[in-house]
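# Observations on the three-dimensional arrangement
Below, each chain spelled out in residue letters.
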Amino acid sequence: VPDMRPIYAAFAFITVGILIKLALFPLHIWLPNAYTHAPSAVSAFLAASATKVGAYVLLRFVFTLFGAEFSFERMPLMEILMPLSLIAILVGSGVAIFQYDLKRLFAYSSIGQIGYLALGISFASTSGLTGAIVHIFNHAMMKGGIFLALGCMMYRTGSVELSALHGLGRRMPFTTAALIIGGLGLVGVPLTSGFVSKWYLVQAALEADLWPVAVLILLGSLVALVYVGRVLEAAYFRPPPPGAPAIREAPLQMLIPTWILLAASLYFGVHTDITVGVAERGAEMLLGIAH
């Protein structure tokens, strides 16, 4: 029998490297500042692509290169990924509640959403991988749209602080509506694409007889509802600050790409044939399930 220690070490080092790129807790330290201090267009690009590429690489590395049997039976990948994912979901969303900078708030929200991605991978089942692959696509649309909406807000108000959002629902209705639709998708409200991914993750947890995990997934959604609720309250239920200058809606060339992403996230929340169909075929291919 060949000495397997170099292969075990290689697997461990490469996995840690990919998890840094994925920004899974506790390897997420680079992400909040990167999203917060980058220009909004760059934040949108990072949120929609950078961590998603990390998720794709992790899927191919674990299932195509080493195979599910080696990764989950000979190596304790599930025992490591699942607890870290659940902590990421609760800590990422929990820290987001206390942020006053909206870019930082949604950056911490991304850490929670990456937790859902990694959780789907940790199940190593068709439902789990389908949820993870669908969430790669759905989260890219929702978070990309949210950061573009924050770019519209920054362009007109010069700030992305929560206080700058006061009364903005009436003054910039299209930008604010885009922000809220993206936020509701992160919570996983039915008819948004975020609901579809979480549905499959809960299903995967119940199939594996891990009902506490299903409860924690739902709890993560409730925590997300708190920070999205703060944004909603500031935009629609707080009056604009006294002496606030009149603000016009963002220009059309900024609103159109924002709304394309968020309208797509609503469309794929209702019409799931394409996204779920592709994700299921991908999951079966990764697991080596032949038809």
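Anyway, here's the lowdown on the structure attached to this text. (Residues numbered from 1 in each chain as written. Predicted model: local features only at pLDDT ≥ 70, side-chain atom pairs only at ≥ 80, totals over all residues. Heavy atoms only, no water.)

Check the secondary structure of the protein and you find 13 helices and zero strands. Along its sequence from the N terminus, the protein presents helices and strands in the succession α-α-α-α-α-α-α-α-α-α-α-α-α. Here the protein has a C-alpha radius of gyration of 19 Å; the compact-globule value for 291 residues is 19 Å, and the two agree. In terms of its C-alpha atoms, the protein occupies a principal-axis envelope of roughly 75 × 35 × 35 Å. The 291 residues of the protein split such that 55% are buried. Look at the contacts in the protein between residues 6 or more apart in sequence, and 80% of them connect residues 24 or more apart. Looking at the protein as shown, the accessible area adds up to about 12800 Å², and 72% of this sits on carbon and sulfur atoms. Placing the 16 positive and 13 negative side-chain charges of the protein at their respective mean positions leaves the two points 15 Å apart. (Helix = DSSP H or I, 4+ residues; strand = E, 2+ residues; numbered from the N terminus. Rg over C-alpha atoms; globule rule 2.2 N^0.38 Å. Buried < 20%, exposed > 50% of the residue type's maximum accessible area, 1.4 Å probe, protein only. Contact = heavy atoms within 4.5 Å. Areas by Shrake-Rupley, 256 points an atom, 1.4 Å probe, with all protein chains shown as cover. Lys, Arg positive; Asp, Glu negative; His and termini not counted. Charge placed at Lys NZ, Arg CZ, Asp CG, Glu CD.)

Running from N to C, helix α6 (residues 102–123) and helix α7 (residues 126–157) point in directions that differ by 170°, and their axes come no closer than 8 Å. Between α6 and α7, the interaxial angle falls into the category roughly antiparallel. Note on element contacts: α7 touches α6 through Gly128, Leu129, Ala132, His135, Ile136, His139, Lys143, Ile146, Phe147, Leu150 and Met153, opposite Leu102, Lys103, Phe106, Ala107, Ser109, Ser110, Gln113, Tyr116, Leu117, Gly120, Ile121 and Phe123. Classifying every residue of the contact of α6 with α7 by side-chain character gives 14 nonpolar, seven polar and two charged. (Axes fitted to C-alpha atoms, helices over the stretch in contact; angles between N-to-C directions. Parallel < 35°, antiparallel > 145°, perpendicular 65-115°, else oblique. Nonpolar A, V, L, I, M, F, W, Y, C, P; charged D, E, K, R; others polar.)

This next bit is on the packing of aromatic side chains. Two descriptors summarise a pair of aromatic rings, namely the distance from one centre to the other and the angle between the planes of the rings. Under the definition given, this model contains ten aromatic pairs. Measuring from centroid to centroid gives 5.6 Å for Tyr35 and Phe147, while their planes differ by 85°, and the two rings are edge-to-face. Here Tyr35 is found in helix α2 (residues 30–37), whereas its partner Phe147 is found in helix α7, with 112 residues between them in sequence. Both residues of the pair, Tyr35 and Phe147, belong to the buried class. A network of ring pairs unites the aromatic residues Tyr8, Phe11, Phe61, Phe66 and Phe70 as a single cluster. (Phe/Tyr/Trp six-rings, centres within 6.5 Å; stacked < 30°, edge-to-face > 60°.)

Overall, the coordinates contain one salt bridge when judged by the stated rule. Arg238 is the partner of Glu233 in a salt bridge, and the nearest nitrogen-oxygen pair spans 3.3 Å. Exposure remark for Arg238: the relative accessible area of 34% places this residue in the partly exposed category. (Salt bridge = Lys/Arg side-chain N within 4 Å of Asp/Glu carboxyl O.)

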